[in-house]
Amino acid sequence: MSEEERAHTFPHSDEDAARADRTPQTPQTRAPAYRLAFTDREFLLREELRPVRLQLELLKPQMIMDERGIESTVVMFGGARIPSPDKADQARTPTLGELSKYYDEARIFARKMTERSLASYGRDYVICTGGGPGVMEAGNMGADEAGGQSIGLGIVLPHEQAPNEYVTPDLCFNFHYFAVRKMHFLMRARAITVFPGGFGTLDELFETLTLIQTRRMKPLPILLFGRDFWDEIINWKALARAGTISDEDLDLIRYVETADEAIDIIDAWS
């Protein structure tokens, strides 16, 4: 039902906001106390309003994705610094340049998953990235190449950063709270792909593993692209030998090298 079709006994908030802007200017009406609470930016940014801001940040993307009919996503985590293959020679380290092959695999994976998503009119298997450069850009690019939509969940950082140009504009979100952003990554996820990356990628990976290990989240495919990279930086078996995780926890992850391998595992899981 549209706003016009609803029967409103009281004035709509937009109407009162417009009326308030036309209020005669007096010492009383210019005082901060007189502002409508929901139009008062200084009030909304007060420390005591943090619970409200958390709720708003959870609610806004949720409502927009619901309105777009998005029911499930495929999440792509990975490093912002990984270059495209044509820029591999400009990478800050030789190793980073070699990892550029995963930029291509991310793009191919996203394109193929989006082709599948289009069969459901863009409701299922929608690509979801952090909206930035590197692997995230490759994921959104692949979805765009397939002619489908994709989600970008950005975060405000101290250094200026714009979303990559391939995120669907109406699904390009910006967050203040990392915790709420992580919730949106996982709330609709059908599969998690994790490409080589740094602290941010590791944070997202371990958050997901912890939620599944503790049964706070249903199991789903967690696919790590690049066995050599992951085996070098994380000794999973040592954790099991030490008893800090169970042997069964090692089964939470699967290694893949190519987009097709990842898709085969997702298909077998479904």
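The structure we're discussing is the one just above.
Topic: the sheet that holds strand β5 (residues 189–194)
So, step 1. The sheet built from seven strands is open, its strands ordered β4-β3-β2-β1-β5-β6-β7 with parallel pairing. Every interior strand has two partners, whereas the edge strands, β4 (172–175) and β7 (254–256), have only one. This sheet shows a mean twist of 25° between the axes of neighbouring strands, independent of strand direction.
So, step 2. Bridging between strand β1 (residues 73–77) and β5 involves five bridges; their strand directions are parallel. Looking at the pairing, F77 lines up with V194 of β5.

Brief notes about the nonpolar core
Across soluble globular proteins, nonpolar side chains have a tendency to be buried as a group.
So, step 1. Grouped together as the largest cluster of nonpolar side chains are 59 residues, with contacts concentrated most on F109, I151, I192, I222 and L224.
So, step 2. Apart from residues lying up to four places away in sequence, I222 is in contact with I192, V194, L205, T208, L209, I212, L252, I253 and R254.

Observations concerning helix α12 (residues 259–269)
So, step 1. Those residues of α12 that sit buried are A259, A262, I263, I265 and I266. An end-on view of α12 places all buried positions within 160° of arc, on one side of the element. Looking at α12, the residues exposed on the side facing more than 90 degrees away from the buried face are D264 and A268.
So, step 2. If you follow the buried residues of α12, they end up packed against α6 (101–118), β5, β6 (222–225) and β7.

Thoughts on the packing of aromatic side chains
So, step 1. Summed over all chains, the structure comprises five aromatic pairs.
So, step 2. Considering the side-chain rings of F195 and F225, the 4.0 Å spacing of their centres and the 15° angle between planes classify their relative orientation as stacked. Here F195, found in the loop between β5 and α9 (199–213), pairs with F225, found in strand β6; they are 30 residues apart in sequence, far enough to count as distant.
So, step 3. Take F195: its relative accessible area is 0%, and that puts it in the buried class.
So, step 4. The class of F225 is buried, set by a relative accessible area of 0%.
So, step 5. When the centroid spacing of 5.1 Å and the interplanar angle of 90° are considered together, the rings of F229 and W230 count as edge-to-face.
So, step 6. Among the aromatic residues, those joined into a cluster by ring pairs are F109, F195 and F225.

As for helix α4 (residues 50–67)
For an α-helix, 3.6 residues make a turn, and residues three or four places apart therefore share a direction.
So, step 1. End to end, α4 covers 26 Å across 18 residues, agreeing with the expected 26 Å (1.5 Å per residue, within 8%).
So, step 2. Buried within α4 we find R53, E57, P61 and M65. The arc enclosing the buried residues of α4, seen along the axis, measures out at 95°, which places them on a common side. Facing away from the buried side of α4, by more than 90 degrees, are the exposed residues P51, Q55 and E67.
So, step 3. Those residues of α4 hidden inside the fold are in contact with α3 (41–44), β3 (150–155), β4 and α8 (178–187).
So, step 4. Just beyond α4, the residue with positive phi is G69, at close to 75°.

Points about the side chain of H184
So, step 1. Mapping H184 onto the fold places it in helix α8.
So, step 2. Since its relative accessible area comes to 3%, H184 is described here as buried.
So, step 3. Filtering out sequence-adjacent residues up to four positions away, H184 remains in contact with E57, L58, P61, Q62, M65, L153 and F175.

Each value, and the rule that gives it
Residues numbered from 1 in each chain as written. Predicted model: local features only at pLDDT ≥ 70, side-chain atom pairs only at ≥ 80, totals over all residues. Heavy atoms only, no water. Pairing = 2+ DSSP bridges. Helix = DSSP H or I, 4+ residues; strand = E, 2+ residues; numbered from the N terminus. Axes fitted to C-alpha atoms, helices over the stretch in contact; angles between N-to-C directions. Core = buried A, V, L, I, M, F, W, Y, C linked by side-chain atoms within 4.5 Å. Buried < 20%, exposed > 50% of the residue type's maximum accessible area, 1.4 Å probe, protein only. Contact = heavy atoms within 4.5 Å. Arc of directions from axis to C-beta. Phe/Tyr/Trp six-rings, centres within 6.5 Å; stacked < 30°, edge-to-face > 60°. Expected span 1.5 Å × (residues − 1).

None of this, on its own, says anything about what the molecule does.
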